[in-house]
Each structure stands twice: as structure tokens, then as C-alpha cells.
Amino acid sequence: MNRAPRILYDCDTGIDDAMTLLYLASLVRAGEAELAGVGTVHGNIDPLTGALNTLRVLEAAGVKAGEQGVPVAVGAARPMAQDVHYALDWHGTDGLGDTHLPAPAGRPVAEPAAAQIVRMAREAPGELTLLATGPLTNLGAALLLDDALPSLIREVVVMGGAFDHPGNITTHAEANIWHDPEAADLVFAADWPVVLVPLDATHPTAVHDDWLDRLAAHGTSVTRFAASILEFYAEAYTPTLRRRGAVIHDALAAMLVVDPDLGEYAHRPVRVELRGELTRGTTVWDARSVPAEDARRPVKIAVGGDVEAFKERLLAALTSF
């Protein structure tokens, strides 16, 4: 029997990250995963707000967090080589759909998120799965802090990138990668196992009216919270999807940590375009039938999966509280 994964989650807690935290909390309650810690990064919102949001969501799910529970560390406030940008139109000025919730009971820990990654990896070599659903600045910084880090991490699972799918922040670039292309390229260049979950895999999992209505009808405090923030998200998504719905990108990456067989994969080295005037932040693979020789370790890239199973498992997780 496979051991439940020990997850260190790196995120920029906006709406889909919040849904993912609820999903992870359901796994923790069921004994199917351990949440070793959380680090936050700039992206959907600033990292301090993201950390407070993380504490709010975990507390709502009944998970002790902060200095007396799952440690939540504040990470990088800006990218390595460009100005910072937030996604307030998509996630609200507070990152949680303008719900403006009360302050959490817990507080973030003092240790920076990149240092937390290195320390936890050193304390439990080969045990941690790094799940990253925001810009990769903390992971890039951790690689610069400790050259041995790739040998200490069991697996890195990243929500980001786009290959045969349009970008969602520029014509070609996906937001998490575009927010810090230099850090992302460091992550893809490192010699550790990386699973990349791009828009190609996440966009087909969009949830629509019936799913959202089933969630809202459940009527617990957790589902009321989830339905509330998803309504904000769905309103932002409607012009893209051309109907009421939302894409909960990050939850797919989390689900593939615990059940990789849910996905379909290609294996290719990945690079990030750093200089293109129109293509900066684009993820690039050599998809030719005979790809060129490449010194980089291939990335396991999700290119599809069982969409209905994803939707039903996520709904079951959210209604389990």
C-alpha cells in the first residue's frame, strides 16, 4: 500500500487555491495525505494576505494552522526579475472574492517560505512532495539557498504553463509561469522529478451550473463559503467560458499528487521563454516525433485526464465537512 503523501504546499491563496486547501484538508481528515506546511507567494494577492487567507481556510475546515498547527510561512513578495502583478479582478481585493472575512485565530510563522522548504526537506529527505500552485519564486529561491535540494525532495507538482492551449494572461503564457519566468525556469532545469499540470489539462475540468448548484445546495458552513467565493470566480470566468462556470485549476494538481492515474501524460524537457517581446513566460517543449537531444531532465506533463472523476471527487471532498 502506498504511503499517504506528505505535502508542502506553496500557493498564492486566491479562490482556486482556497478550494485546493479545502480539498487537502479533506484528505488530511481522511488520513489520505499529510499537510506538512504551507508557504505563500505573490500572485493572485500579496503573500501576507495569502497567508492570512490560508489560515482562514484551514481554520474553516477544522485544521489547526499557524504556530500551533500546520505552519503557514510568508514567502516572496515579488518576482526575481520583473515588477509584481496581482489578479484582483479574478480573486477580489482580499483574494477571496471580496468576502472580507474576520482575521484568523492563528498567525503566520516567522520563517520565510523558501527557508521553510529547505529546512523541511533537510529534516525529512526524500519524503516531501512540493505542490506549487502559484508563481514559483519560493521554489526558485529555495534552489538558490541549497544546491542539494533536488536530491531531498520526493516530487514537485506544479500547476502552470500552457502548450497546445492559449495562455490565460498573455496570448501564450499561463499566469503562474508569467508572474516569475526566471524562477519557473530554475525549477524546470533542476534535477528533480517534476509533474507539470498546464492549462491543457485544467481547462477541460471547468465546473458549470449543475456542479455549482449541487455545491450550494449542501448547506454546511464550508460549502456556503466555497459557493460564495466560487460565485465571484464564476462571474469573472463567464466571458471566457461563455456560460456560468469556473476552472478550479489548482485542485487538479493536488488531486494528481494522490492519484496520478487520474491523468494522461507526455514526457518532455520544458523551458520558459525569458526574452520574447510577445512570448515571455511561455512554456516551451519539443513536441516533434523525434525531439532534439536535451540535457534537461524530462518533465511529466499532464495533457488530459478523467474530467468527470475530478469533478465528483472534488465535490465529494467539499461536502465531506
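Residues numbered from 1 in each chain as written. Predicted model: local features only at pLDDT ≥ 70, side-chain atom pairs only at ≥ 80, totals over all residues. Heavy atoms only, no water.

A. Inspection of the packing of helix 1 (residues 15-30) against helix 2 (residues 47-60) at higher detail. Relative to each other, helix 1 and helix 2 sit at 40°, their axes nearing to 9 Å. Both helix 1 and helix 2 take part in a crossing whose hand is right-handed. Facing helix 1, whose interface residues are Ala18, Leu21 and Leu22, helix 2 presents Thr54, Val57 and Leu58. (Axes fitted to C-alpha atoms, helices over the stretch in contact; angles between N-to-C directions. Helix = DSSP H or I, 4+ residues; strand = E, 2+ residues; numbered from the N terminus. Left-handed = near helix turned anticlockwise from the far one by under 90°. Contact = heavy atoms within 4.5 Å.)

B. The sheet that holds strand 12 (residues 299-305), seen in detail. Taken together, eight strands build an open sheet; the order of strands is 3-2-1-4-5-6-12-9 and the sheet is mixed. Each of the sheet's edge strands pairs with one partner strand only, and the pair in question is strand 3 (72-74) and strand 9 (263-268). On average, adjacent strands in this sheet sit at an angle of 20° to one another, irrespective of strand direction. Across three bridges, the pairing between strand 2 (residues 34-40) and strand 3 is parallel. Paired with glycine 39 across the bridge in strand 3 is alanine 73. Contacts between helix 12 (residues 249-258) and the sheet are confined to strand 1 (6-11), strand 4 (128-132), strand 5 (155-159), strand 6 (194-197), strand 9 and strand 12, with strand 5 contributing the most and set at about 160° to the helix. (Pairing = 2+ DSSP bridges.)

C. Quick look at the side chain of lysine 311. Assignment of secondary structure puts lysine 311 in helix 13 (residues 307-318). On the basis of relative accessibility, which here comes to 14%, the residue lysine 311 falls in the buried class. Polar side-chain contacts of lysine 311 include one of 3.1 Å to the backbone oxygen of alanine 206. Residue contacts for lysine 311: discarding those within four places in its chain leaves Thr205, Ala206, Val207 and Trp211. (Buried < 20%, exposed > 50% of the residue type's maximum accessible area, 1.4 Å probe, protein only. Polar contact = N/O pair within 3.5 Å; in protein donor to acceptor, adjacent residues only side chain to side chain.)

D. Spotlight on the packing of aromatic side chains. The full count for this structure, using the stated rule, is three aromatic pairs. Seen from their ring centres, phenylalanine 163 and tryptophan 285 are 4.3 Å apart, and the 35° between their planes marks the pair as tilted. Remark: tryptophan 285 occurs in the loop between strand 11 (283-284) and strand 12 and phenylalanine 163 occurs in the loop between strand 5 and helix 7 (175-178); sequence separation between them is 122 residues. There is no split in this pair, since phenylalanine 163 and tryptophan 285 are both buried. (Phe/Tyr/Trp six-rings, centres within 6.5 Å; stacked < 30°, edge-to-face > 60°.)

E. Representation of helix 11 (residues 221-241). Helix length check: helix 11 (21 residues) gives 28 Å between terminal C-alpha atoms against 30 Å at 1.5 Å per residue, within 8%. If you look at helix 11, its biggest bend is around 35°, right at glutamate 235, and the proline proline 239 turns up within four residues after that. Along helix 11, the residues classified as buried are Val222, Thr223, Phe225, Ala226, Ala227, Ile229, Leu230, Tyr233, Ala234, Ala236, Tyr237 and Leu241. The positive-phi residue at the C-terminal boundary of helix 11 is arginine 242, with phi of around 65°. (Expected span 1.5 Å × (residues − 1). Bend = angle between axes of the 7 residues up to and from the residue.)

F. Summary view of the environment of alanine 124. You can see alanine 124 is positioned in the loop between helix 4 (113-123) and strand 4. Spatially, the C-alpha atom of alanine 124 lies 26 Å from that of glycine 160, the residues being 36 residues apart in sequence. Excluding anything up to four places from it in sequence, alanine 124 contacts Arg6 and Leu152.

G. Focus on unusual backbone geometry. With phi around 50°, histidine 100 is a residue other than glycine that occupies positive phi space. In this fold, histidine 100 is placed in the loop between helix 3 (88-91) and helix 4. Residue classification places histidine 100 among the exposed positions, given a relative accessible area of 53%. One non-glycine residue, arginine 242, lies in the positive phi region at around 65°. Looking at the secondary structure, you find arginine 242 in the loop between helix 11 and strand 8 (245-246).

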